[in-house]
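Okay, here's what each chain looks like letter by letter:
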Amino acid sequence: MSTVEWLDELQNRARRDQAVREALLDTREEKNPVDAFCRKCQELGYPIYVMDLIQAGEEFYGNMRRSTNGGGENSPKLEGEDDFYELFMASLQ
């Protein structure tokens, strides 16, 4: 499975299980929230690491930019669209 597929599966699990949802949301309070989030994912059985999360966000964002306005330099800057951690957290709230 890809990182995006793991995140989708984890998101669905968190919506069904309040304890998982709270544990994931609690990572926001850590000194390094992305690292804490990835550790919690691994504890829950999802092999998601910081670099996987970053790479998935960059790939998604790059594909999106290439699909808008021909993907050239004039493509609009999409704020935060490459941050899968923030997008994941927003979806849980």
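Analysis parameters
Residues numbered from 1 in each chain as written. Predicted model: local features only at pLDDT ≥ 70, side-chain atom pairs only at ≥ 80, totals over all residues. Heavy atoms only, no water. Helix = DSSP H or I, 4+ residues; strand = E, 2+ residues; numbered from the N terminus. Contact = heavy atoms within 4.5 Å. Areas by Shrake-Rupley, 256 points an atom, 1.4 Å probe, with all protein chains shown as cover. Axes fitted to C-alpha atoms, helices over the stretch in contact; angles between N-to-C directions. Left-handed = near helix turned anticlockwise from the far one by under 90°. Nonpolar A, V, L, I, M, F, W, Y, C, P; charged D, E, K, R; others polar. Buried < 20%, exposed > 50% of the residue type's maximum accessible area, 1.4 Å probe, protein only. Phe/Tyr/Trp six-rings, centres within 6.5 Å; stacked < 30°, edge-to-face > 60°.

**As for the overall build of the chain**
- What the chain contains, in helices and strands, is five helices and zero strands.
- In sequence order, the chain lays out its α and β elements as α-α-α-α-α.
- Excluding contacts between residues fewer than 6 apart, the proportion of contacts in the chain whose partners are at least 24 apart in sequence is 53%.
- For the chain, the accessible area works out to roughly 5,900 Å², and carbon and sulfur atoms hold 46% of it.

**Quick look at the packing of helix H1 (residues 3-16) against helix H2 (residues 18-26)**
- It is the contact of H1 with H2, at a shortest axis distance of 5 Å, that shows an interaxial angle of 120°. The handedness of the crossing between H1 and H2 is left-handed. Residues Leu10, Arg13, Ala14 and Arg16 of H1 touch H2, and the partners they reach there are Gln18, Val20, Arg21 and Leu24.
- Across the contact of H1 with H2, the residue classes break down as four nonpolar, one polar and three charged.

**Here's the deal with helix H3 (residues 33-43)**
- Turning to H3, its buried residues are Ala36, Phe37, Cys38 and Cys41.
- Gly45 occupies a position one or two residues after H3 and carries a positive phi of about 95°.

**Side note on the packing of aromatic side chains**
- Counted according to the given criterion, the structure contains three aromatic pairs.
- Judged by centre distance (5.8 Å) and plane angle (80°), the ring pair of Trp6 and Tyr46 falls under edge-to-face. Of the two residues, Trp6 is situated in helix H1 and Tyr46 in the loop between H3 and helix H4 (50-67); the sequence distance between them amounts to 40 residues.
- Among the residues examined, Trp6 registers a relative accessible area of 19% and is labelled buried.
- Look at Tyr46 and you get buried, because its relative accessible area is 5%.
- For the pair Phe37 and Tyr85, a centre-to-centre distance of 5.3 Å together with 75° between the ring planes defines the contact as edge-to-face. Taken together, the positions of Phe37 in helix H3 and Tyr85 in helix H5 (residues 84-92) put the pair 48 residues apart, joining distant regions of the chain. As far as the burial class goes, Phe37 and Tyr85 line up, both buried.
- Within the aromatic cluster, the residues linked to one another by ring pairs are Phe37, Tyr85 and Phe88.

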